[in-house]
Amino acid sequence: MTTPNMPNGDEDGRPLAEDQALPVNVIPNTNWASPEGWDWHNTSTSQPNAATFHISHSDVTRVFTDVLTPADSPPDAYLVLKKDIPLVIIDSLDQYWAAESKTALPLNGLRVPIAADTLAEAKSQLAADLAAQLRLLMMLSTGGMTLAPALQENFLMLDAFLEARRT
């Protein structure tokens, strides 16, 4: 709210253009919302952004816990779960988002919930995603490469939860 003594300013008398928390460039008689050079066409549409947008812009009805069990591994998967993993499930009315519990499986790096139309699909896709991560780390580590420390930790954690399917 501005007063006659403080046009375009805050209660301390500091103009908006000098705001230290969010510096802005105030140009009279202009009408644009983003800095020069920024273009919405260059905004990433990666899965993490899509997941964040979807979850934060939908009517979430409930958040609950569940467990990823060996039975949730896809039937054609080479690597299957050998231990249960606690899950956090977000029901956004149109999809279920499944994410492993950081207390049980504190993987390094950005983890994105897996979305699916049913809870069973989300759990199965999450089990497949974890197996794919372990398989990739196995290929990298046996290819003569040294894994970065964070990837090595992920490899050891995933190896503790997954194993080759027994026929």
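For every chain, the first residue of its written sequence is number 1, and the numbers climb from 1 along that sequence. For this predicted model, a pLDDT threshold of at least 70 governs which residues receive local features, and a threshold of 80 or more governs which side-chain atom pairs are given and counted, while totals over whole chains, interfaces and linings are taken from all residues. Hydrogen atoms and water are omitted, and side-chain values are computed over all heavy atoms in the structure.

1. Comments concerning the packing of aromatic side chains
Within a pair of aromatic rings, the relevant descriptors are the distance that separates the centres and the angle that separates the planes. Defined as follows: Any two of the Phe, Tyr and Trp rings considered here, Trp counted by its six-membered ring, make a pair once their centres fall within 6.5 Å; the pair's planes then place it as stacked at under 30 degrees, edge-to-face at over 60, or tilted in between. Placement of a charge over a ring requires the Lys NZ or Arg CZ to be within 6 Å of the ring centre, with the centre-to-atom vector within 35 degrees of the ring normal.
Within this structure, the stated rule accounts for zero aromatic pairs. The residue whose ring lies beneath Lys83 is Phe161, and the NZ or CZ to ring-centre distance is 5.3 Å.

2. Description of the pairing of strand β4 (residues 96-100)
Keep this limit in mind: Any residue under 20% of the maximum accessible area for its type is buried, any over 50% is exposed, and the rest in between are partly exposed; the area is computed with a 1.4 Å probe on protein chains only. Numbered from the N terminus, helices here are DSSP runs of H or I no shorter than four residues, and strands are runs of E no shorter than two. Strands qualify as paired when DSSP identifies two bridges or more between them.
Taken across its five residues, β4 has four buried, putting it largely inside the fold. Across five bridges, the pairing between strand β3 (residues 85-91) and β4 is antiparallel. In the sheet register, Ile89 faces β4, and the bridge partner there is Ala98. Note that β4 and strand β5 (residues 114-116) share three bridges and pair antiparallel. Across the sheet, Tyr96 pairs through a bridge with Ala116, a residue of β5.

3. A word on the sheet that holds β3
Keep this limit in mind: For every element, the axis is a line fit to its C-alpha atoms; helices are fit only across the contacting stretch, and the angle between N-to-C directions ranges from 0 to 180 degrees.
Spatially, four strands are ordered β1-β3-β4-β5 in an open sheet, and the strand pairing comes out antiparallel. Unpaired on one side and paired on the other, β1 (62-68) and β5 mark the two borders of the sheet. In this sheet, neighbouring strand axes are inclined to one another by 30 degrees on average, regardless of whether the strands run parallel or antiparallel.

4. What about the environment of Ala77?
Within the secondary structure layout, Ala77 lies in the loop between β1 and β2 (79-81). Residues Ala77 and Ala131, spaced 54 residues apart in sequence, show a C-alpha to C-alpha distance of 7.9 Å.

5. Considerations on helix α3 (residues 149-161)
Rules: A helix is expected to reach a length of 1.5 Å times the quantity of its residues less one. Contacts: residue pairs with any heavy atoms within 4.5 Å of one another.
For α3, which comprises 13 residues, the first-to-last C-alpha distance of 19 Å matches the rise-based estimate of 18 Å (1.5 Å per residue) to within 8%. Asn154, Phe155, Met157, Leu158 and Phe161 are the residues of α3 that are buried. Lining the buried residues of α3 we find β2, β3, α2 (119-142) and β6 (162-164).

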